[in-house]
Amino acid sequence: MSSSSSSSSSSSSSSSSSSSSSSDVPVPTPATETATPPAPPAPPPQPPFTDRLSDVLQKGAKAVTGGNGKAPRRLKTLLSGTWLGHPLHPVITDVPVAAWLIAAVFDVLWLAVPSAAVWAPRGAQTLVGIGLVAALGAFLTGIADWSDTYGAERTVGLYHGLLNSSAIILYAVSTYLRFQQSTGQSTPAAIVGFVGLGAVIVAAYLGGDMVFAKGTAVNHTAWEAAGEDFEAVLPVAEAAENTLYRVTTAGVPVILLRVDAQYYAIAATCGHAGGPLDEGTLTNGVVQCPWHGSRFRLRDGRALTGPATMGQPRYDVRVRDGMIEVKRHGGH
């Protein structure tokens, strides 16, 4: 009995040892592929060289022309032509273009017939100098306007400005060479002037492209519709004082202001570059555009601070049956 029990115990122990031994044997696992680490994110594409150059030049232009200052920004307003009611840059550019063009004609006459046109070099000398002085004014007004541009018009304006700047340098050299001679007769001066005139002509083409193709400096309210009758736009009870309200009449956005018992309304689209005046800042009846800082008086729409040069269309306002009604002043 004892032997049998001992045998059974031994067998059980052997089985347990075998089982324990087999459980200690590592079980092979299927091979797995090593995970590939994710690729680092690609760096953002670098802006084109013209954009980076324009960014730097625009900062400098705003600093020079007062574009970074606070209202009333008198230098910016002066250079923009707000006081004139018209952009000042194209007014001034006519002077150097005309002067240099006539100077080129005089140079051609003198080079073609030196003995008969002895007066021509003196005339060219005077005109080149006049054009150079006027060009400096055109340069300042031009960079003042260009500092507020963006996108494609900014790029075209960059080339326009670089060409005109090159022309100024060339005509400065031409002027120096002419005054080196007592008679003003200088063939190298004439040749340098011809090159400068070529740069001006190409620049003028690009300037026209900015205005007529890109819409730079055009009045953004010029084609707004004007209804013939008053149109209700807002209940009187909802019009709080000294608060700008954006309403619509004849499909045109208008900003409305209540001051005491008086109501004023002007076009909500800034005529300079199309900014939303209803998102601007209101101070003592004057609204400042959130885009470029132009300021307009709500009472009559007059432009007070550049870069805007033209006033905003004004709207007549009346109250009838508890509703505020507006209509474009002067109709069509």
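Shown above is the structure to which this text applies.
Residues numbered from 1 in each chain as written. Predicted model: local features only at pLDDT ≥ 70, side-chain atom pairs only at ≥ 80, totals over all residues. Heavy atoms only, no water.

(A) Highlighting the pattern of salt bridges. Scanning all chains against the criterion turns up nine salt bridges. Here lysine 76 and aspartate 148 are joined by a salt bridge, their closest N and O atoms 2.8 Å apart. With lysine 76 in helix α3 (residues 74-80) and aspartate 148 in the loop between α5 (120-146) and α6 (151-179), this pair connects stretches of sequence that are 72 residues apart. The class for lysine 76 is buried, based on a relative accessible area of 1%. One salt bridge connects aspartate 278 with arginine 246, and the closest N-O pair in it is separated by 2.7 Å. Of this pair, aspartate 278 sits in the loop between β4 (262-267) and β5 (281-283) while arginine 246 is found in strand β2 (residues 245-249), placing the two residues 32 residues apart along the sequence. (Salt bridge = Lys/Arg side-chain N within 4 Å of Asp/Glu carboxyl O. Helix = DSSP H or I, 4+ residues; strand = E, 2+ residues; numbered from the N terminus. Buried < 20%, exposed > 50% of the residue type's maximum accessible area, 1.4 Å probe, protein only.)

(B) Structural context of the environment of aspartate 229. Inspection of the secondary structure assignment puts aspartate 229 in the loop between α7 (187-212) and β1 (231-235). Sequence spacing of aspartate 229 and lysine 327 is 98 residues, and the spatial spacing of their C-alpha atoms is 6.2 Å. Dropping the residues within four chain positions of it, aspartate 229 is found in contact with Val326 and Lys327. (Contact = heavy atoms within 4.5 Å.)

(C) Molecular detail of the packing of helix α4 (residues 89-112) against α7. Orientation of α4 relative to α7, taken along the N-to-C sense of each, is 140°, at an axis distance of 10 Å. Compared by their axis directions, α4 and α7 come out oblique. Every pair of crossing elements has a handedness; the one defined by α4 and α7 is left-handed. Between α4, through Val97, Trp100, Leu101, Ala104, Asp107, Val108, Trp110 and Leu111, and α7, the contact on the second element is made entirely by Thr187, Ala190, Phe194, Leu197 and Val200. A per-class count over the contact of α4 with α7 returns 11 nonpolar, one polar and one charged. (Axes fitted to C-alpha atoms, helices over the stretch in contact; angles between N-to-C directions. Parallel < 35°, antiparallel > 145°, perpendicular 65-115°, else oblique. Left-handed = near helix turned anticlockwise from the far one by under 90°. Nonpolar A, V, L, I, M, F, W, Y, C, P; charged D, E, K, R; others polar.)

(D) The arrangement of the environment of glycine 137 in detail. By secondary structure assignment, the location of glycine 137 is in helix α5. Assessed through its relative accessible area of 25%, glycine 137 is described here as partly exposed. Remark: the alpha-carbon pair of glycine 137 and leucine 88, spanning 49 residues in sequence, is separated by 9.6 Å.

(E) Fine view of the sheet that holds β5. A sheet is described by the order of its strands in space; here four strands give the open sequence β5-β6-β7-β8, paired in antiparallel fashion. Edge positions in the sheet fall to β5 and β8 (303-305), since each of these pairs with one other strand and no more. Taking the axes of each pair of neighbouring strands and ignoring which way they run, one obtains an average angle of 30° across the sheet. In this sheet, β8 lies alongside strand β7 (residues 295-297) in antiparallel orientation, the contact comprising two bridges. Of the residues in β8, the one forming a bridge with phenylalanine 296 is alanine 303. (Pairing = 2+ DSSP bridges.)

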